[in-house]
Amino acid sequence: GEDVEQSLFLSVREGDSSVINCTYTDSSSTYLYWYKQEPGAGLQLLTYIFSNMDMKQDQRLTVLLNKKDKHLSLRIADTQTGDSAIYFCAESPVTSGTYKYIFGTGTRLKVLA
Amino acid sequence: SQTIHQWPATLVQPVGSPLSLECTVEGTSNPNLYWYRQAAGRGLQLLFYSVGIGQISSEVPQNLSASRPQDRQFILSSKKLLLSDSGFYLCAWRRTGGTDTQYFGPGTRLTVL
């Protein structure tokens, strides 16, 4: 199937770390993505990881990729109230031929002050 | 640099009325273009994509249609709106020959009454 799964909600306290998980299905995906959507806005690209990497760090963001389990995670260090948003993971299967994304359902992150 | 525009930002339409949403991209040539719909509290559903002028692929059967009259213009239309067409419509572009990365516009909030 083509389901990308994410938990729907996550609540953390300001200053803690947040970990958002994603399970994808197509091992042919060359890149895997994390997008952030603030209320009423479009999707903002946060980061992406190439499929031959296990980890990518970008300031407060750390992406971990476990290809064997088809598991992707996004860790946000020192979570701030401005990080409250919906986070989508997406895969881009090569087999689609046209660079179509398959998005997860999104995880709504709520940061408590 | 590249920018993507969508208009209108918000739209309230009666059932049975026509629809035209516009998306334009600046600063790039021959992009791949995508229309997504996001229902309230839901993930993203790919509606249409286009790899060139006049080339449209539909992902789901529905009463919507898309057209690409110019290289950097993508239009989403309907002859008669349904209540179920309400949602947040997002346009995205991808650079041909680049990474798989898609960049999203700010979205159009459509409410059908």
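Quick note: structure is the one above.
Just so you know, these numbers come straight off a predicted model, no measurement behind them. (Residues numbered from 1 in each chain as written. Chains lettered and ligands numbered in written order. Predicted model: local features only at pLDDT ≥ 70, side-chain atom pairs only at ≥ 80, totals over all residues. Heavy atoms only, no water.)

### As for the nonpolar core
Part 1: Core analysis: the biggest nonpolar cluster contains 21 residues, and A:Trp34, A:Leu72, A:Leu74 and A:Tyr87 have the highest contact counts within it.
Part 2: Those elements that place two or more of their residues in this core are strand S3 (18-23), strand S4 (31-37), strand S5 (43-50), strand S7 (61-66), strand S8 (71-76), strand S9 (85-91) and strand S11 (107-112) of chain A.
Part 3: Residues B:Ile4, B:Leu47, B:Phe74 and B:Trp93 belong to the second largest nonpolar core, which totals 20 residues. (Core = buried A, V, L, I, M, F, W, Y, C linked by side-chain atoms within 4.5 Å. Buried < 20%, exposed > 50% of the residue type's maximum accessible area, 1.4 Å probe, protein only. Helix = DSSP H or I, 4+ residues; strand = E, 2+ residues; numbered from the N terminus.)

### Structural notes on the side chain of B:Ser77
Part 1: Tracing the chain through its elements places B:Ser77 in strand S8 (residues 73-78).
Part 2: Dropping the residues within four chain positions of it, B:Ser77 is found in contact with B:Leu19, B:Ser20, B:Asn63, B:Leu64 and B:Ser65. (Contact = heavy atoms within 4.5 Å.)

### Let's talk about the state of the cysteines
Part 1: The tally for this structure, following the rule as stated, stands at two disulfides over all chains.
Part 2: One disulfide in the model links A:Cys22 with A:Cys89; its S-S distance is 2.0 Å. Measuring handedness by torsion sign, the sulfur bridge of A:Cys22 and A:Cys89 sits at about 70° and is right-handed. Taken together, the residues span a long stretch of sequence, with A:Cys22 in strand S3 and A:Cys89 in strand S9 at a distance of 67 residues. Just as A:Cys22 is buried, A:Cys89 falls in that class too.
Part 3: In this model B:Cys23 forms its disulfide with B:Cys91; the gap between the sulfur atoms is 2.0 Å. In this structure the cystine formed by B:Cys23 and B:Cys91 twists about its S-S bond by roughly -75°; its chirality is therefore left-handed. (Disulfide = S-S within 2.5 Å.)

### Some points on the sheet that holds S8(A)
Residues and elements named next belong to chain A.
Part 1: If you trace the five strands from one edge of the open sheet to the other, you get S1-S3-S8-S7-S6, paired in antiparallel fashion. Taken across any chain shown, the strands that pair with only one partner, and hence form the sheet edges, are strand S1 (5-6) and strand S6 (55-58).
Part 2: Of the pairings in the sheet, the one linking S6 to S7 comprises four bridges and is antiparallel in character. Across the sheet, residue Lys 56 finds its bridge partner in S7, namely Val 63. (Pairing = 2+ DSSP bridges.)

### Here's the deal with the interface of chain B and chain A
Part 1: In this complex, chain B contributes 22 residues to the contact, which on the side of chain A involves 20 residues.
Part 2: Of the roughly 1,600 Å² buried between chain B and chain A on both sides combined, carbon and sulfur atoms contribute 58%.
Part 3: For the chain B face of the interface with chain A, the top three residues by lost area are B:Leu44, B:Asp100 and B:Phe104, together amounting to 30%.
Part 4: Applying the counting criterion to the chain B and chain A interface returns one salt bridge.
Part 5: One salt bridge in this structure joins A:Lys100 and B:Glu59, with 3.3 Å as the shortest N-O distance. (Buried area = accessible area lost by both parts, 1.4 Å probe. Salt bridge = Lys/Arg side-chain N within 4 Å of Asp/Glu carboxyl O.)

Limitation: the analysis is restricted to geometry and does not speak to function.
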